[in-house]
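So you can see what is in the structure, the chains are spelled out below.
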Amino acid sequence: MDYLQPQNLKSALQLMQRWKGRAVLVAGGTNVVPDLRVTPVQPKALLDISCLKSLSCIKEDGKKIRIGALTTISELVSSEVIRKGASVLFHACQQLGNPLVRNRATIAGNLADASPATDTAVPLLVLNAQVIALRNGGKPRSIPIDQFFLGPNQTLLKKDEIIKEVIIPKSNPQAKTAYFKLGLRNSMAISVVSLALLMEMEKGFCKKARIAYGAVAPSPIRVYRIEEMLENQKLTEDLLEACCEAVGKEVHPISDIRASKEYRIEMASVLLRRGLRELILKPGDAETSSA
Ligand SMILES: Cc1cc2nc3c(=O)[nH]c(=O)nc-3n(C[C@H](O)[C@H](O)[C@H](O)COP(=O)(O)OP(=O)(O)OC[C@H]3O[C@@H](n4cnc5c(N)ncnc54)[C@H](O)[C@@H]3O)c2cc1C
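This is a predicted model, so every value here is computed, not measured.

## Topic: helix α5 (residues 87–94)
Then, number 1: Burial analysis of α5 places seven of its eight residues in the buried class, which makes it a mostly covered element.
Then, number 2: Along α5, the positions that sit buried rather than exposed are S87, V88, L89, F90, H91, A92 and C93.
Then, number 3: Residues of α5 that are buried sit in contact with α3 (73–77), α4 (80–85), α8 (121–126), β11 (176–182) and β12 (193–202).

Now the structure itself:
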């Protein structure tokens, strides 16, 4: 197996083109390296982009926040820009892995791995993020996050593309957000069910509702039908209960070693009830919680 370490983005893109599909990109390596031990088909080369410092940044750009592909989860957790401008992502990142993992794990690696339980995708869905992909000689391609995932470990990325950055439109400062991660332990756990909420409310009416789940479908999902049930409606206990009941039809989990399909469906409803109560029915500056 070859080991390639390009010194700049241009040569990384050229190498991706040359080795199309035969080289595996390595960012933090927290997925790639353990996977190498178990995969029956080894890649021909590892293309280590971890030294491309230009891809490691968090910048405010007018009404957007730009996060470089190699920004680590630890850097996201220690960023004031993320804490203030994308607090739902901040809280999700706090719950990813452990400090050692967070120090190496990157945002692009988390998205490109495309686990149904990936912790950054769920908040990025409610933030309407865009994934920016580059290929040698091409223009940057902007992929809305709700179209990025095709299934477990599958994305819209082409074999010669590299994620350059993730762009988040800044949300209304009045919006309330929450992230819940239900795992088998309180830390170092892959989600059994995760939920991100972003709500804008005015005088008891829901102006905007964005709701996303992890680990209840082949990819992280938005539940648009539940959002439609809430938007422009007066928020009552009856409506809340109707949403929690209806969400069972919107999620499509599997049974695996962590939980049964039935438990996940039930927990999708339980977490939604908890999240909506916290954000809607209790006044005050609700922020985020974890299950
Ligand atoms: C002990 C442990 C605990 C973990 N806990 C969690 C957890 O709680 N929640 C969670 O979501 N994940 C968890 N993970 C998984 C992992 O840490 C994350 O998915 C991490 O963000 C991956 O980032 P990375 O930089 O290490 O990716 P890598 O392993 O380097 O790469 C992952 C995939 O992304 C591709 N890739 C990387 N960078 C790019 C790029 N710029 N463009 C295109 N493709 C790219 C690689 O080719 C590879 O296919 C855990 C892992 C371990 C080992």
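The rest of the description comes next.
## A word on the site of the ligand
Then, number 1: Close to the ligand lie 28 residues; G28, A105, G109, N110 and A112 are nearest.
Then, number 2: Put simply, the parts of the chain that give the shell around the ligand at least two residues each are β2 (23–26), α2 (32–38), α6 (99–104), α7 (107–113) and β10 (162–169).
Then, number 3: Sorting elements by how many residues they give to the shell around the ligand places α7 first, with five residues.
Then, number 4: Split by residue class, the shell around the ligand holds 16 nonpolar, nine polar and three charged.

## Topic: the confidence of the model for the protein chain
Then, number 1: Looking at the protein chain as a whole, its pLDDT mean stands at 94, while 96% of the residues score no less than 70.
Then, number 2: A low-confidence stretch, residues 284–288 stays under pLDDT 50, and its non-local contacts, those more than four residues away or across chains, total eleven contacts.

## Considerations on the sheet that holds strand β13 (residues 205–214)
Then, number 1: Spatial strand order, β11-β12-β13-β14: four strands in an open sheet with antiparallel pairing. Edge positions in the open sheet fall to β11 and β14 (221–222), since each of these has one partner strand only.
Then, number 2: Where β13 lies against β14, two bridges are found, and the strand directions are antiparallel. If you follow Y213 over to β14, its bridge partner there is I221.

## Thoughts on the pairing of β11
Then, number 1: Counted residue by residue, β11 has seven buried out of seven residues, so it is predominantly covered.
Then, number 2: Where β11 meets β12, seven bridges bridge the pair, whose relative direction is antiparallel. Opposite K181, over in β12, you have S194 as the bridge partner.

## Considering helix α11 (residues 237–250)
Then, number 1: For α11, with 14 residues, the first-to-last C-alpha span of 20 Å sits near the 20 Å given by 1.5 Å per residue.
Then, number 2: Taken as a whole, α11 has its buried residues at C243, C244, V247 and E250. Down the axis, α11 shows its buried residues gathered within 110° of arc, on one side only. Facing away from the buried side of α11 by more than 90 degrees, the exposed set consists of D238, E245 and K249.

## Side note on unusual backbone geometry
Then, number 1: The phi dihedral of A114 is positive, around 55°, even though this residue is not glycine.
Then, number 2: Mapped onto the elements, A114 comes out in the loop between α7 and α8.
Then, number 3: Located in the positive-phi region is M188, a residue other than glycine, with phi close to 55°.
Then, number 4: Within the secondary structure, M188 sits in the loop between β11 and β12.

## Some details on the nonpolar core
Then, number 1: Residues L89, V193, A196, Y213 and A268 are the most contacted members of the largest nonpolar core, which totals 89 residues.
Then, number 2: Here this core spans two domains, and each of domain 1 (2–169) and domain 2 (176–281) adds at least three residues to it.
Then, number 3: Not counting the four nearest positions on each side in its chain, Y213 is found in contact with V122, V193, S194, L195, P220, I221, V223, V251 and A268.

## Digging into the environment of N8
Then, number 1: Structurally, N8 is set in the loop between β1 (2–4) and α1 (9–18).
Then, number 2: Separated by 20 residues in sequence, N8 and G28 place their C-alpha atoms 17 Å apart.

## Here we look at the sheet that holds strand β5 (residues 64–68)
Then, number 1: Sheet architecture is open: five strands sit in the order β4-β5-β10-β6-β7, paired in antiparallel fashion. Only two strands of the sheet have a single partner each, and these edge strands are β4 (58–61) and β7 (141–144). Direction aside, neighbouring strands of the sheet carry axes that sit 25° apart on average.
Then, number 2: In the sheet, strand β6 (residues 130–134) pairs with β10 via five bridges, with the strands oriented antiparallel.

## Digging into the domain arrangement of the protein chain
Then, number 1: The domains assigned to the protein chain are domain 1 (2–169) and domain 2 (176–281).
Then, number 2: The C-alpha centroid of domain 2 is placed 25 Å from the C-alpha centroid of domain 1.
Then, number 3: With 21 residues of domain 1 at the interface, the matching set in domain 2 holds 22 residues.
Then, number 4: The residue inventory of the side of domain 1 that touches domain 2, partitioned by class, reads twelve nonpolar, seven polar and two charged.

Definitions and limits used
Residues numbered from 1 in each chain as written. Predicted model: local features only at pLDDT ≥ 70, side-chain atom pairs only at ≥ 80, totals over all residues. Buried ≥ 20, exposed ≤ 12 C-beta atoms within 10 Å, placed from the backbone. Helix = DSSP H or I, 4+ residues; strand = E, 2+ residues; numbered from the N terminus. Contact = placed C-beta atoms within 7 Å. Near = placed C-beta within 6 Å. Nonpolar A, V, L, I, M, F, W, Y, C, P; charged D, E, K, R; others polar. pLDDT = per-residue confidence, 0-100. Pairing = 2+ DSSP bridges. Expected span 1.5 Å × (residues − 1). Arc of directions from axis to C-beta. Core = buried A, V, L, I, M, F, W, Y, C linked by C-beta atoms within 7 Å. Domains from an automatic or database assignment. Axes fitted to C-alpha atoms, helices over the stretch in contact; angles between N-to-C directions.

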